[in-house]
Amino acid sequence: MRIIPLLILSLLFLTATAQKKTAFVSGKVMDENEKPLQHVSVVILGKSTGMVTDDSGHFKIKVPADKAFALVFSFSGYKDVQKNFYLSNNEEETTVIQMELGRKTLDAVVVTDDNQRRETGLAKINPENALTLPSTIGGVEGLIKILVGSNNELSSQYSVRGGNYDENLIYINDFEIFRPYLVRSGQQEGLSFINPEMAKNVNFYNGGFQAKYGDKMSSVLDIQYKKPKTFGGTAYISLLEQGLSLEGANKKQNVTYLLGIRNKSNKNLLSSQETVGSYIPSSSDIQAFITYKASEKLQFEFLGNYSVTKFTLFPQSAQKTTSVFSPFFTANLGLDIDFEGKEQDGYKTSLLGLSMVYNPTRKLKLKWMLSRFEDKENENFDIAGSYLFGDRDFDNTSSTFGQIINPLGAGYYQNYARNSLDITVYNAALKGSLDKGKHFIQFGNSIEQTNITDKLREWEYQDSAGYSLPYNSANLNMYKFLNSTADLSIQKFSGYVQDNIRLGNASKDVTLQAGVRYNYNSLNKEFLISPRMQLSFKPQWKKDVVLKFAAGIYDQPPFYRELRKYDGTLNTAVKAQKSYQVVAGMDYNFKGLEDRPFRLTTEAYYKGLTDVDVYDIDNVKIRYAGNNNAKAYATGVEARLFGELVKDAESWLSIGFMRTKEDLDNDYYYQYKNAAGEIITSHSTNQTPVDSVKNNVGYVRRPTDRLITVGLYLEDYLPTNKNFKVHLNMLYGSNMSYNIPNSVKYRNALIIDPYIRIDIGFSAQLLSEKSERRSHSPFKDFENIWASFEVFNLIDRPNTISYQLIKDFANNIYSIPNRLTPRLVNFKLVARF
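Residues numbered from 1 in each chain as written. Predicted model: local features only at pLDDT ≥ 70, side-chain atom pairs only at ≥ 80, totals over all residues. Heavy atoms only, no water.

**Digging into the overall build of the chain**
Step number 1: Helix and strand counts for the chain come out as six helices and 44 strands.
Step number 2: Over its C-alpha atoms the chain spans a radius of gyration of 31 Å, differing by no more than 12% from the 28 Å that the globule rule assigns to 833 residues.
Step number 3: Overall size of the chain, expressed as C-alpha extent along the three principal axes, is 135 × 60 × 50 Å.
Step number 4: The burial tally for the chain puts 54% of its 833 residues in the buried class.
Step number 5: Sequence-distant contacts, at least 24 apart, represent 68% of the contacts inside the chain between residues at least 6 apart. (Helix = DSSP H or I, 4+ residues; strand = E, 2+ residues; numbered from the N terminus. Rg over C-alpha atoms; globule rule 2.2 N^0.38 Å. Buried < 20%, exposed > 50% of the residue type's maximum accessible area, 1.4 Å probe, protein only. Contact = heavy atoms within 4.5 Å.)

Quick look at the structure:
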């Protein structure tokens, strides 16, 4: 009988001994951008207790030894991650967990992602919306335009807080991306470099960005491509664009690949333009992103792209009309043009990028990068037009309906160009980060070699009423003549260091990002230092509010277009345009409309600019003065609301108020008086000047000045069936200025009417969810198939992009608007597998 108690005691002792066998798992949890995630829940599968990561994303948890178990990592807005382990007694394993955003990024943005909320000017964009967005350009840029506004549905370029298209930075996997430079109009543009089906993470900064980003003044678009774990893909076809993307990984998960092929043709879109003719546009590209994980510490990445865009136009005729209202008369003015000739343009771009990522320790990360970008462009046109200008008859009962019945001017003009541009950029860079707990230090340095070969052969001939302009009885003079060549070799050096500091232990604390970057280029031999700082504070209020502030220097060295003056010559002594920027804002999460999550962000900003290289914008073509002879400013307020106006459907509203003006050095003009002391005008009877008055122009509107911008994106679905959806995209922008060439008095004095556009798309799911499909279905491997019917420019508004200036017989100048696209329809089919 004594043996039984002894056996029981022995069994209890062995059980207790076995229970004491423990091990440890430690490591770090990061997001898709490899930034640490704090307060991530780490729990042993099947247990109710666990721990959370600290402010730098680290954790260390006690786990059972000599048995299989799993750890579950969960964080609001991100997909749960489960990892299996089997450890010996007292063994400690170190791991790195990378969490991906959930399928609906709205929850991640709205609820608890403090890392994103603390960054000034950051707007998180869901690339999955790019294919469902009803837009003529689509893509990530189409989503950005809802946030910052637009004035051209044919172009993927955008203006941010008073800046022009050249002031925006674009990165894909840390490689800087460039755009073609000779494009004159949106109809010549091809595909954007960014393939949204390959994108995983899209961060857009519209000001106050960190020192780690480059030397431009307006915005940063930072995109990270996917690193897939399983095979999948997307195929889509529409009247405008077709594409196929594939993704996958090998069995060992140490090789991943992305492949994207796209083709775009705007022929159906351009066939409704005011200029009637034969349009032959085409654009194709192929992209690949491949990663190879050699070990836990070493990884290689390759990014490649090749794009070809062609645009051919055989114009035939154009009919343009505008209305004039004044106290003296009202008229419907028309311009009829008959063309001959053609335009043929071509753009080829390629990028090869290779990077090596090395983690010698879990706290130190180093990334070496090599890249080569090449842009080859050719612009060829020889187009002549004879025109008749005057009053157009709009009486539909008249036999002359639609015709010009009272001619005010007639003439002939010819535009000729044989332009070529070849840009090659070689870049070698090192980037790194060091995690020191409450300090997260980032640093980098790059060397860049840019070779530019440019040939400009362009002239314009104008004949009005039988006289060549400008008139000279002895010679035949061209209205405009450009003949220039350039062969530049430029070396650029840049670098940065910044510290991300968390002050305090609680979640309601202060975060400081302080850094400095430098830039030097051999062209103008200018050395620039740009300190930048971002500060965020989460006060201990009942409301979930984050307050943000940013200030810094943002200088932009000249690249190519800034060097070329109006007469076509190059000024290689152009200095960097310089700006200081101050931003203050707030981020507020709240519940509304049946306890659904909403997020409100507001920011006020001021940008002071010096050494400004002034420019004119005609459609998308930017022409610089080629000197630093002005100062300028931009100031405004922006507010954005993200939320679910309809449950489980994303919606955003963006409203901005902005004013930007410039003041040129020595911009003045004279007004002359006659003997009666009257200012002489074209209507004065006494045209003999006896005195003059000097007038200083002062501040005038910049070409990008727009007081009000509004963007709205709405999703909705049938209450009884979520497989039928509606997507609405609305844009409003108040009037903009347009320049009258060679006029000091009336610089940027023309007004382009407000831009108003509504696009709508109706989608239906043709294939049910995969889990509801039968095993023998021919579509068993498809995730879903959607069909969409889209209506562009639903209200059929004839928006204006620019003006054509015409002189009448009395030498008076009239501005005839160049219109954008009318109402059009599109059909799209999207299949994901």
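**Observations regarding the nonpolar core**
Step number 1: Ile144, Tyr158, Ile172, Phe204, Leu221, Ile223 and Tyr225 are the most contacted members of the largest nonpolar core, which totals 57 residues.
Step number 2: The leading source of residues in this core is helix H5 (residues 139–148), at six residues.
Step number 3: Apart from the residues within four sequence positions on either side, tyrosine 158 is in contact with Glu141, Ile144, Lys145, Val148, Asn164, Tyr165, Asn168, Ile170, Arg179, Phe204, Ser219 and Leu221.
Step number 4: Of all hydrophobic cores here, the second largest spans 22 residues; its members include Leu37, Val42, Val81 and Phe85. (Core = buried A, V, L, I, M, F, W, Y, C linked by side-chain atoms within 4.5 Å.)

**Quick look at the packing of aromatic side chains**
A ring pair, where both rings are aromatic, is described by two values, the distance of the centres and the angle of the planes.
Step number 1: Counted by the stated rule, this structure contains 30 aromatic pairs.
Step number 2: A ring pair is formed by phenylalanine 75 and tyrosine 78, whose centres lie 5.7 Å apart and whose planes are at 35°; its orientation type is tilted. Here phenylalanine 75 and tyrosine 78 have matching classes, each one buried.
Step number 3: Aromatic side chains tyrosine 738 and tyrosine 803 sit 5.7 Å apart centroid to centroid with 70° between the ring planes, which places their arrangement in the edge-to-face category. Remark: tyrosine 803 occurs in strand E42 (residues 800–807) and tyrosine 738 occurs in strand E38 (residues 736–738); sequence separation between them is 65 residues.
Step number 4: Taken together, Phe178, Tyr181, Phe373, Phe559 and Tyr560 form an aromatic cluster joined through their ring pairs. (Phe/Tyr/Trp six-rings, centres within 6.5 Å; stacked < 30°, edge-to-face > 60°.)

**Some words on the sheet that holds strand E3 (residues 50–52)**
Step number 1: Taken together, the four strands give an open sheet; going across it, the order is E3-E2-E5-E6, and neighbouring strands pair in antiparallel fashion. Each edge of the open sheet is held by one strand with a lone partner, namely E3 and strand E6 (81–86). Adjacent strand axes in the sheet meet at a mean angle of 20°, parallel and antiparallel pairs treated alike. (Pairing = 2+ DSSP bridges. Axes fitted to C-alpha atoms, helices over the stretch in contact; angles between N-to-C directions.)

**Quick word on H5**
For an α-helix, the turn length of 3.6 residues means that residues three or four places apart are oriented alike.
Step number 1: Counting buried positions along H5 gives ten out of ten residues, so the element sits mostly inside the fold.
Step number 2: Residues Gly139, Val140, Glu141, Gly142, Leu143, Ile144, Lys145, Ile146, Leu147 and Val148 constitute the buried set of H5.
Step number 3: With its phi angle positive at about 95°, glycine 149 sits one or two positions after the end of H5.

**Concerning the pairing of strand E5 (residues 68–74)**
Step number 1: Extensive coverage of E5 is indicated by the burial of five of its seven residues.
Step number 2: Relative to E5, strand E2 (residues 41–44) runs antiparallel, the two sharing four bridges. For serine 41, the partnering residue across the bridge sits in E5 and is serine 74.
Step number 3: Here E5 runs beside E6; their pairing, made up of six bridges, is antiparallel. If you follow alanine 70 over to E6, its bridge partner there is asparagine 84.

**A few points about the pattern of salt bridges**
Pairing of side chains with opposite charge becomes possible as their charged atoms draw close.
Step number 1: Tallying each qualifying case throughout the model produces 36 salt bridges.
Step number 2: Arginine 184 is paired through a salt bridge with glutamate 458; the nearest N and O atoms lie 2.9 Å apart. Of this pair, arginine 184 sits in the loop between strand E10 (175–176) and strand E11 (199–205) while glutamate 458 is found in strand E21 (residues 439–464), placing the two residues 274 residues apart along the sequence. Both residues of the pair, arginine 184 and glutamate 458, count as buried. (Salt bridge = Lys/Arg side-chain N within 4 Å of Asp/Glu carboxyl O.)

**Re the environment of asparagine 666**
Step number 1: Inspection of the secondary structure assignment puts asparagine 666 in the loop between strand E32 (649–664) and strand E33 (668–673).
Step number 2: Classification of asparagine 666 by relative accessible area gives exposed; the value is 71%.
Step number 3: A C-alpha to C-alpha distance of 8.7 Å links asparagine 666 and asparagine 629, two positions 37 residues apart in sequence.

**Topic: unusual backbone geometry**
Step number 1: Within the chain, aspartate 174 stands out as a residue other than glycine whose phi angle is a positive 75°.
Step number 2: Locating aspartate 174 in the fold gives a position in the loop between strand E9 (168–172) and E10.
Step number 3: The partly exposed category is assigned to aspartate 174, whose relative accessible area is 23%.

**Considerations on the environment of phenylalanine 537**
Step number 1: Summarising the element assignment, phenylalanine 537 is placed in strand E25 (residues 526–537).
Step number 2: Phenylalanine 537 sits 240 residues away from lysine 297 along the chain, and the two C-alpha atoms are 35 Å apart.
Step number 3: Beyond its immediate stretch of four places on either side in the chain, phenylalanine 537 contacts Asp509, Val510, Val545, Val546 and Leu547.

**Digging into the sheet that holds strand E8 (residues 122–125)**
Step number 1: The strand order across the open sheet built from five strands is E8-E11-E12-E9-E10, with neighbouring strands paired in mixed fashion. Strand pairing shows two members of the sheet lacking a second neighbour, E8 and E10, which therefore form its edges.
Step number 2: As defined by bridge partners, E11 adjoins strand E12 (residues 219–225) across six bridges and the pair is classed as antiparallel. Bridged to tyrosine 205 within E12 is valine 220.
Step number 3: Contacts from H5 reach E8, E11 and E12 within the one sheet, and its direction differs from that of E8 by about 140°.

**Some remarks on the environment of lysine 745**
Step number 1: Secondary-structure assignment places lysine 745 in the loop between E38 and strand E39 (750–752).
Step number 2: As a C-alpha pair, lysine 745 and valine 697 span 48 residues in sequence and 6.8 Å in three-dimensional space.
Step number 3: Look past the residues within four positions of lysine 745 in its chain and what remains in contact with it is Tyr669 and Gln671.

**Thoughts on a nonpolar patch on the surface**
Step number 1: Together, Ile237, Leu239, Phe762, Leu766, Phe789, Val825, Phe827 and Leu829 give the surface a local cluster of nonpolar side chains, amounting to about 730 Å² of exposed area.
Step number 2: Those elements that provide at least two residues to the nonpolar patch are strand E40 (755–767) and strand E44 (824–832).
Step number 3: With three residues, the top contributor of residues to the nonpolar patch is E44. (Patch = residues over 30% accessible without salt bridge, like charges linked within 9 Å, V, L, I, M, F, W, Y side chains within 5 Å. Areas by Shrake-Rupley, 256 points an atom, 1.4 Å probe, with all protein chains shown as cover.)

**As for the pairing of E40**
Step number 1: The buried count for E40 comes to ten of 13 residues, which makes it a mostly enclosed element.
Step number 2: Direction of pairing for strand E37 (residues 721–733) relative to E40: antiparallel, over a ladder of ten bridges. Bridge assignment links leucine 731 to a residue of E40, and that residue is arginine 757.
Step number 3: As paired elements, E40 and strand E41 (residues 784–792) share seven bridges and run antiparallel to each other.

All we've got here are geometric facts, nothing functional implied.
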